[in-house]
Amino acid sequence: MRFKNWVLEPDKYLSKEQAGKLLEMAECRAESAKAEGKTTAVRDYFVIHLGLSTGLRVMEMTELKCGDLFLNERLCSVLVRRGKGGKKRLVYFTGPFRKHCKEYLKWKQQLGESLEPDAPLIVSTNTGVHMTTRALQNIFKRCAQRVGLLSHYSIHSLRHTYACFLLKASNWNLRLVQKQLGHSKITTTQVYADVM
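In what follows, the accompanying structure is described. Remember, it's a predicted structure, so these values are computed and weren't measured experimentally.

Thresholds, definitions, all that
Residues numbered from 1 in each chain as written. Predicted model: local features only at pLDDT ≥ 70, side-chain atom pairs only at ≥ 80, totals over all residues. Heavy atoms only, no water. Helix = DSSP H or I, 4+ residues; strand = E, 2+ residues; numbered from the N terminus. Buried < 20%, exposed > 50% of the residue type's maximum accessible area, 1.4 Å probe, protein only. Contact = heavy atoms within 4.5 Å. Salt bridge = Lys/Arg side-chain N within 4 Å of Asp/Glu carboxyl O. Phe/Tyr/Trp six-rings, centres within 6.5 Å; stacked < 30°, edge-to-face > 60°.

**Focus on the overall build of the chain**
So, point 1. Regarding its fold elements, the chain presents eight helices and five strands.
So, point 2. Along the chain, helices (α) and strands (β) appear in the sequence β-β-α-α-α-β-β-β-α-α-α-α-α when read from the amino end.
So, point 3. Seen along its three principal axes, the alpha-carbon backbone of the chain occupies a region of about 45 × 35 × 30 Å.
So, point 4. For the chain, with 196 residues in total, the buried portion stands at 45%.
So, point 5. Restricting the contact set of the chain to residue pairs at least 6 apart, pairs at least 24 apart contribute 60%.

Rendered as structure tokens:
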């Protein structure tokens, strides 16, 4: 589907089955890594789950701090401090990702990583600071390769997948999807409705 210069084709987002396989594989690897005292797969699983559960842009993921997660009993959200166009927004989520966030923070604490509000949420094992966009892209590529996804998929596919799933689950509520994705114009969000 073409809108202005932007193209969203069916091979830019994952099917429910593909997303399920990707998440399941990442979770299994994380469980094995924990048992062996390794860290990379645990972090990788969080990155994949974060992308599928919030639809954040890769740059937004790299900049997250521990204090940007709000894990209340009723309503959970992640604060994007500097989205596209420098805009702030809260992205709401529910379900299994809430539980995963709590487990991930506990795991970080066990590793001795800081949970201070300004500490990076996703830490590079090489530098000890925020991971780069390239590093997150590489995490996605490794995970995608393990489940046999074609190489044209990128970490941005998680955002497209989230948008498509949310649109359908919300009974085609474009305004909700627009707010969650941080689109300034509803016409951008409309592209998802058109392609589906």
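Read on, since the account is not over.
**Details of unusual backbone geometry**
So, point 1. In this structure, Asn171 is a non-glycine residue whose phi angle is positive, near 60°.
So, point 2. Along the chain, the position of Asn171 falls in the loop between helix H6 (156-169) and helix H7 (174-181).
So, point 3. Within the chain, Trp172 stands out as a residue other than glycine whose phi angle is a positive 65°.
So, point 4. A residue is classified by how much of its surface remains accessible, and Trp172, at 40% relative accessible area, is partly exposed.

**Thoughts on the pattern of salt bridges**
Close approach of charged atoms allows side chains with opposite charge to pair.
So, point 1. According to the stated counting rule, one finds eleven salt bridges in the structure shown.
So, point 2. Here Arg142 and Asp44 are joined by a salt bridge, their closest N and O atoms 3.0 Å apart. Here Arg142 is found in helix H5 (residues 133-146), whereas its partner Asp44 is found in helix H2 (residues 40-54), with 98 residues between them in sequence.
So, point 3. Linking Lys108 and Glu113 is a salt bridge whose minimum nitrogen-to-oxygen distance equals 2.5 Å.
So, point 4. One continuous salt-bridge network, built from bridges that share partners, spans Arg43, Asp44 and Arg142.

**Considerations on the packing of aromatic side chains**
So, point 1. If you walk through the whole model with that rule in mind, you get four aromatic pairs.
So, point 2. Both rings, one in Phe93 and one in Phe97, keep their centres 4.9 Å apart while their planes meet at 65°; by these two values the pair is edge-to-face.
So, point 3. Residue classification places Phe93 among the buried residues on the basis of a relative accessible area of 4%.
So, point 4. Note on Phe97: relative accessible area 1%, which makes it buried.

So yeah, pure geometry; function would need other evidence.
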